[in-house]
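Examination of the molecular architecture
Listed below, chain by chain, are the residues.
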Amino acid sequence: MTSIPIGLLAGLAALAGTSLGVPGALATALLAAGFIHLDSVDWRSAGAALSAVIIVAMIGAMRSPVPATPPDPHLDEATSVVGVVSSMPNPGARSETALFAIDAVTLPDGTTVSVDSVVLAAIPKAYGANVGDRLVLTGAFTPLEGLEPGYRHYVIGRQAAGVFVSYGATIVHRGSSPRRLLVDLRRELTDRLRRAIPGDAGALAAGIVTGDDSALGEETEQDFRTAGLSHVTAVSGQNIAMLAGLLALLARGQSRRARMGVQIVIIAATWLYVGMTGFGAPAIRAGCFVTLAILAVWCGRRPDFLTIVALVSGGMVLVQPAYVASVSFWLSAAASAALVTVFGWPAGGVGAWAKRSLTALATAQLATMPIAIAVFGAWSPGSIPANLIVAPLMQVAFPLCFLLAAVLVLMPAGAPVIALVAEMPLVATMATARIVASWSPQVTLTAGGAVVVAAVAVPCGITIALLSDDARRWWGRQRETLVGKTGSIVSLVTGLAFGAMAVALLVAVTGLAR
């Protein structure tokens, strides 16, 4: 008798139900039934587990995101809008984007009309807009259908009716939300890092620590995009894992009580960082992952990383169904699952750790490749070697950049020396991006559509399964069961159900490109 992977199945049930509705819930039920049968548990436990998975899947189906609310027709002709900044601003090159709850618009004839719409507003940086600010914005509105596919679904994922690009603003009054402190902290750290390290290297350091890489030059930004390295400055699990890892070093050799104290600090610092960077979906997932992993240790259990990723991802779409329309959510979910299933629990010496790290990074690239091709219609052939080269550099740059940020706040006099050392791996990373981008331009794969995506997804999935510790462990447990006639039939049905659900999810993600 073996245990049922109830956490993993529940997470998949939530994802499938929310993304695909009732068909996804039914496919999950079939998949769960096959797994439970193969695990040879008693019928009472099997019935309870299957019922739990079906309930989660149906809750997900009922939580499926509704179509985006159409914008108020007056927005199309509005010359200015009045409203409140309702989310933390995300930095850009010339402006910051934030959700903006509009309650009134001014028409060309000077008439003021009351409306009730939420848009994604691009506000010039000079105004320093922050959460809770009431503003009058002048500019132009673009509805969802006028946006590029990838950006359109990002806006839908933010639950906005369109984009309002502002070229001027009047501050009616400042807000008082506690989240303003996090925005101010991010801006202050970003400015100090850029002053400590000049040029694109400083912008890259700020991107690593605060997620604000808006000062990167256009050429450097394009090099990173072409080389498949844009994620380096995106706030993701990698940043948060590195921050948690640095803090975890403080617990080495400490007593149980001292280790628990450090772990509490890790959880607090992780969520402070998630908040400072804007509570994005990848950051929230990583924060939940760190928290649940530590809680598992407190309960005397060894964390199952793949189960945690599945549970957190499923829980996120149940709480916020709009995440299923977010490309960044799916990219980070796929990369996280691939990383943890290949890297697993740290074991062995430095050499074994380095080998597993590089393998995991390559696997993460394989996991995100089908989604990137489906949504963006392009792929960077040099992304895998570029990431393998950059990974060791980032292992050095990440702790140095975080250390530099801390020193800039606590002991600025010591910052120049650390900045000089931190600049070296940053410059090497930019040089790698430039070289890879020059000899390996992006390949456009728009022709062929779903056929091309499937042709890429199948070998990528097989490769990940062959490298996965979880897949090898499950196969080792089930080998004898699969030899039997009944087991063969059930495994075939389970495989078909899993394949059908995977294809359906991929089709759903492919739909983000339309």
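Here the structure is a predicted model, which means the values were calculated and not measured. (Residues numbered from 1 in each chain as written. Predicted model: local features only at pLDDT ≥ 70, side-chain atom pairs only at ≥ 80, totals over all residues. Heavy atoms only, no water.)

This part covers the overall build of the protein chain. Helix and strand counts for the protein chain stand at 18 helices and eight strands. Looking at the protein chain as a whole, 48% of its 514 residues qualify as buried. The contacts of the protein chain with a sequence gap of at least 6 include a subset with a gap of at least 24, amounting to 73%. Surface exposure of the protein chain reaches about 23,600 Å², of which carbon and sulfur atoms provide 68%. (Helix = DSSP H or I, 4+ residues; strand = E, 2+ residues; numbered from the N terminus. Buried < 20%, exposed > 50% of the residue type's maximum accessible area, 1.4 Å probe, protein only. Contact = heavy atoms within 4.5 Å. Areas by Shrake-Rupley, 256 points an atom, 1.4 Å probe, with all protein chains shown as cover.)

Inspection of the secondary structure puts serine 230 in the loop between helix H7 (218-226) and helix H8 (237-248). When the C-alpha positions of serine 230 and alanine 433 are compared, they lie 9.7 Å apart, and in sequence the two are 203 residues distant. Setting aside anything within four residues of it in sequence, one finds serine 230 in contact with Phe224 and Arg225.

The next point concerns the pairing of strand S6 (residues 162-173). Relative to S6, strand S4 (residues 112-124) runs parallel, the two being bridged by three bridges. Across the sheet, leucine 120 pairs through a bridge with valine 163, a residue of S6. (Pairing = 2+ DSSP bridges.)

Our next topic: helix H4 (residues 149-157). Within the sequence span of H4, burial applies to Arg152, His153, Val155 and Gly157. If you follow the buried residues of H4, they end up packed against S4 and S6. Backbone geometry just after H4 places glutamine 159 at a positive phi near 60°.

Attention now moves to helix H1 (residues 6-20). In an α-helix there are 3.6 residues to a turn, and that puts residues three or four apart on one side. In this model H1 runs 20 Å from its N-terminal to its C-terminal C-alpha over 15 residues, within 8% of the 21 Å that 1.5 Å per residue would give. Of the residues making up H1, those classed as buried are Gly7, Leu9, Ala10, Gly11, Ala13, Ala14, Leu15, Ala16, Gly17 and Thr18. Residue glycine 21 follows H1 closely and has a positive phi angle near 75°. (Expected span 1.5 Å × (residues − 1).)

Our focus in this paragraph is the side chain of threonine 341. For threonine 341, the location among the structural elements is in helix H12 (residues 327-343). Not counting chain neighbours up to four residues away, the residues in contact with threonine 341 comprise Leu306, Ile464, Ser468, Asp469 and Asp470.

Another aspect to go through is the packing of aromatic side chains. Two numbers describe a pair of aromatic rings. These are the distance of the centres and the angle of the planes. What the rule picks out here adds up to five aromatic pairs. Considering the side-chain rings of phenylalanine 289 and phenylalanine 305, the 5.5 Å spacing of their centres and the 40° angle between planes classify their relative orientation as tilted. Taken as a pair, phenylalanine 289 in helix H10 (residues 281-298) and phenylalanine 305 in helix H11 (residues 305-319) lie far apart in primary sequence, 16 residues in all. Ring geometry for phenylalanine 329 and tryptophan 330: centres 5.4 Å apart, planes at 85°, overall edge-to-face. Grouping residues by exposure puts phenylalanine 329 and tryptophan 330 together as buried. Within the aromatic cluster, the residues linked to one another by ring pairs are Tyr323, Phe329 and Trp330. Arginine 285 extends its terminal NZ or CZ atom over the ring of phenylalanine 329, reaching a point 4.6 Å from the ring centre. (Phe/Tyr/Trp six-rings, centres within 6.5 Å; stacked < 30°, edge-to-face > 60°. Lys NZ or Arg CZ within 6 Å of the ring centre and 35° of its normal.)

On the surface, Asp76, Glu77, Asp109 and Glu145 cluster together into a negatively charged patch. Relative to the assigned elements, aspartate 109 resides in the loop between strand S3 (95-106) and S4. (Patch = residues over 30% accessible without salt bridge, like charges linked within 9 Å, V, L, I, M, F, W, Y side chains within 5 Å. Salt bridge = Lys/Arg side-chain N within 4 Å of Asp/Glu carboxyl O. Lys, Arg positive; Asp, Glu negative; His and termini not counted. Charge placed at Lys NZ, Arg CZ, Asp CG, Glu CD.)

Bringing the confidence of the model for the protein chain into the picture now. Predicted confidence across the protein chain gives a mean pLDDT of 81, with 80% of residues reaching 70 or more. Within the protein chain, the element-level pLDDT minimum falls on helix H18 (residues 485-510), averaging 51, and the maximum on strand S1 (residues 80-85), averaging 96. (pLDDT = per-residue confidence, 0-100.)

Soluble, globular proteins show a tendency: their nonpolar side chains are buried together. Formed by 74 residues in total, the largest nonpolar core has its most connected members in Ile197, Leu229, Phe329, Leu404 and Leu426. Here this core takes 12 residues from helix H14 (residues 383-410), the largest share from any one element. Dropping the residues within four chain positions of it, leucine 426 is found in contact with Ile197, Ala201, Leu204, Ala205, Ile208, Ala397 and Cys401. Formed by 20 residues, the second largest nonpolar core is a distinct cluster that contains Leu75, Val81, Val119 and Ala129. (Core = buried A, V, L, I, M, F, W, Y, C linked by side-chain atoms within 4.5 Å.)

There is a patch of nonpolar side chains on the surface, built from Val22, Leu26, Ile54 and Met58 and spanning about 330 Å² of accessible area. Secondary structure elements with two or more residues in the nonpolar patch: helix H2 (22-38) and helix H3 (43-62). Mapped onto the elements of the fold, leucine 26 is located in helix H2. Since its relative accessible area comes to 56%, leucine 26 is described here as exposed.

What follows concerns the pattern of salt bridges. With the rule as written, the count across this model stands at seven salt bridges. The residue glutamate 96 makes a salt bridge to arginine 187 at a minimum N-O spacing of 2.8 Å. Of this pair, glutamate 96 sits in strand S3 while arginine 187 sits in helix H5 (residues 179-196), and the two are 91 residues apart along the sequence. Look at glutamate 96 and you get buried, because its relative accessible area is 7%. Of the charged contacts in the structure, one is a salt bridge between arginine 194 and aspartate 212, with a shortest N-O distance of 3.1 Å. With arginine 194 in helix H5 and aspartate 212 in the loop between helix H6 (199-210) and H7, the pair connects residues that are 18 residues apart, well separated along the chain. Given the relative accessible area of 7%, aspartate 212 is considered buried. Through salt bridges with shared partners, one network takes in Asp133, Arg174 and Arg180.

Looking at the secondary structure, you find valine 396 in helix H14. What makes valine 396 partly exposed here is its relative accessible area of 43%. Separated by 29 residues in sequence, valine 396 and proline 425 place their C-alpha atoms 6.9 Å apart.

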